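Okay, here's what each chain looks like letter by letter:
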Amino acid sequence: MNNTIYLFGKFKQGITASVNDYTKSIFEEFISKANAPTQIIIHRDGPIMNYGYVRRIANGHMFGICIQINGQYLSTTKKLFEVFENIVADIAVRGDVLRLNNQGDLEPTISYFTDKPEEVERAIANCSNEIVRLSQTCKTLPDVDFSTSDTDINYFKENDNSQTIIKASVKNGYTFIYKEHDYDTLALGGYRSTLYTLNQENENYKKKIKEQENKLRILERKKKQMGVVVALFVALFVGSIIFFNTIEEKNENIEVKQRTIEKQRVENYALNEEKEEIQKENTQLQGQNRSLADKQETTSRELEELKAEYERLKIDYSKLKQDNDDYITEITSLTSKNSTLDKKLKKAESDLASRNTAYRTLQSKYDQISYQLAAMENKYYSTKEGKRELKKIK
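Our subject in this report is the structure included herewith. No experiment lies behind these values; they were computed from the predicted model shown. (Residues numbered from 1 in each chain as written. Predicted model: local features only at pLDDT ≥ 70, side-chain atom pairs only at ≥ 80, totals over all residues. Heavy atoms only, no water.)

Some points on the overall build of the chain
Piece 1. Counting its regular elements, the chain contains 7 helices and 11 strands.
Piece 2. Summarising the internal contacts of the chain: among those between residues at least 6 apart in sequence, 64% fall at separations of at least 24.
Piece 3. Summed over all atoms, the accessible surface of the chain reaches about 25,600 Å², with 52% contributed by carbon and sulfur. (Helix = DSSP H or I, 4+ residues; strand = E, 2+ residues; numbered from the N terminus. Contact = heavy atoms within 4.5 Å. Areas by Shrake-Rupley, 256 points an atom, 1.4 Å probe, with all protein chains shown as cover.)

Here is the structure:
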């Protein structure tokens, strides 16, 4: 299958594509006609079939993939959405071109595809692995049907008859296929859910930490106020001692003040203990927050490992499929050789049977001639001349 893969989109700075040639106008047309959350747009341009996938992502942005096939067309649409969604999931997990934000929504990581050419090329190379799955459905493109216009548009849903969609797609014009739900693969959905849950937990812990910090600030203020109160009561206590000899009646007030001071000291001690408990709880929450961050990092590593394992399995599958094709080819060749040998064996058996028949015929003739010869000899030796010759021989 002779194909070329392009990435395009409408990001913060406008429409951008992985190439900057005549094909960019096709991508601009795809984006201008995209009016659903996700759709496949098929457009024939002479001998070229354009299969575009356009998806709305966060903040009104759009992301698209286009496969151009030269001289052929896809004879079924059954796997198209699945292939494109696998590509989007792969790009999102890698995070070079797209990523999942804290809300679990897809967003671009670049303004232009030219910002990160190596990452874009790597994403396109990964696309090729998925596109291989479609190569078996390719057929030779029929001649252009000039009874239709290049501006004609046909609309279908994903579950509409595939052959009806295909017949419409090979004509000039645009063919739209819409998908109403389930835009993500299971892997991307799980990653989105995990990321969203971890982010929510992280936000909750941040709120708790902030609340604890507010409580600590309140306790600090109370502690300072208690210090002022204690200093005030100490001053009153000193004044009472100075005037003790002259103001006897204030002794009772002094005792009350002392008890109050002691009470305030007890309360201050209790506030300090409460502060320490809050600090301990704050430390625990920070530890849990770090644990969640480690868990998120571990989850990301596991996703990368699963991705690598998935790539290895795809390579193994391709090798097994190639080996299977080689075996089938070899079996076909051996079957053909066996058929040829069978024909030769049957011919040899037929020739042998013919020769056996000829041999038996010759043997029969030989026996007849031998019999006739013996009879003639007996007849000859029964004559006088024969008897004389027989005597000579003896």
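What about the packing of helix α2 (residues 80–94) against helix α3 (residues 117–131)?
Piece 1. Here α2 crosses α3 at 150°, and the two axes come no closer than 10 Å. Relative to α3, α2 is oriented roughly antiparallel. Crossing of α2 over α3 shows right-handed handedness. Between α2 and α3, the contacting residues are Val83, Asn86, Ile87, Asp90, Ile91 and Arg94 on the first element and Arg122, Ala123, Asn126, Cys127, Glu130 and Ile131 on the second. (Axes fitted to C-alpha atoms, helices over the stretch in contact; angles between N-to-C directions. Parallel < 35°, antiparallel > 145°, perpendicular 65-115°, else oblique. Left-handed = near helix turned anticlockwise from the far one by under 90°.)

Considerations on the pairing of strand β4 (residues 48–56)
Piece 1. With 7 of its 9 residues buried, β4 lies for the most part within the structure.
Piece 2. In sequence, strand β3 (residues 38–45) turns back onto β4 through a hairpin of 2 residues, with Gly46 there showing a positive phi of about 65°.
Piece 3. As paired elements, β4 and strand β5 (residues 62–70) share 9 bridges and run antiparallel to each other. For Gly52, the partnering residue across the bridge sits in β5 and is Cys66.
Piece 4. A loop of 5 residues connects β4 with β5, the two strands running antiparallel in sequence, and Asn59 in this loop sits at a positive phi of about 60°. (Buried < 20%, exposed > 50% of the residue type's maximum accessible area, 1.4 Å probe, protein only. Pairing = 2+ DSSP bridges.)

Looking at the environment of Ala34
Piece 1. Assignment of secondary structure puts Ala34 in the loop between α1 (23–33) and β3.
Piece 2. Along the sequence, Ala34 and Tyr178 sit 144 residues apart, while their C-alpha atoms lie 10.0 Å from each other.
Piece 3. Those residues in contact with Ala34 that sit more than four places away from it in its chain are Gln39, Val54, Arg56 and Met62.

A look at the sheet that holds β4
Piece 1. Read from one edge to the other, the open sheet built from 7 strands follows the order β2-β1-β5-β4-β3-β11-β10, with strand pairing classed as mixed. The two strands at the open ends of the sheet, each matched to only one other strand, are β2 (14–17) and β10 (153–157). Ignoring which end each strand starts from, the neighbouring axes of this sheet average 20° apart.
Piece 2. Taken together, the 5 bridges between β10 and strand β11 (residues 173–178) define a ladder with parallel strand orientation. Considered in β11, the bridge of Phe156 is made with Ile177.

Some thoughts on the nonpolar core
In summary, soluble globular proteins display a tendency toward joint burial of nonpolar side chains.
Piece 1. Leu7, Ile40, Tyr51, Phe63, Ile65, Val97 and Phe113 are the most contacted members of the largest nonpolar core, which totals 43 residues.
Piece 2. No other element matches the 8 residues that α2 contributes to this core.
Piece 3. Non-local contacts of Phe113, meaning those with residues more than four positions away in its chain, are made with Leu7, Phe8, Gly9, Phe11, Thr16, Ala17, Ser18, Phe63, Val97 and Val120.
Piece 4. In terms of nonpolar packing, the next biggest core, distinct from the first, is built from 16 residues, Phe8, Ala17, Phe30 and Ile41 among them. (Core = buried A, V, L, I, M, F, W, Y, C linked by side-chain atoms within 4.5 Å.)

As for unusual backbone geometry
Piece 1. We note that Asn59 has phi near 60°; this positive angle belongs to a residue other than glycine.
Piece 2. For Asn59, the location among the structural elements is in the loop between β4 and β5.
Piece 3. Its relative accessible area of 66% is what places Asn59 among the exposed residues.

Describing the pairing of β2
Piece 1. Bridging between strand β1 (residues 3–11) and β2 involves 4 bridges; their strand directions are antiparallel. Following the sheet pairing, Phe8 is matched in β2 by Ala17.
Piece 2. What sits between β1 and β2 in their antiparallel hairpin is a turn of 2 residues.

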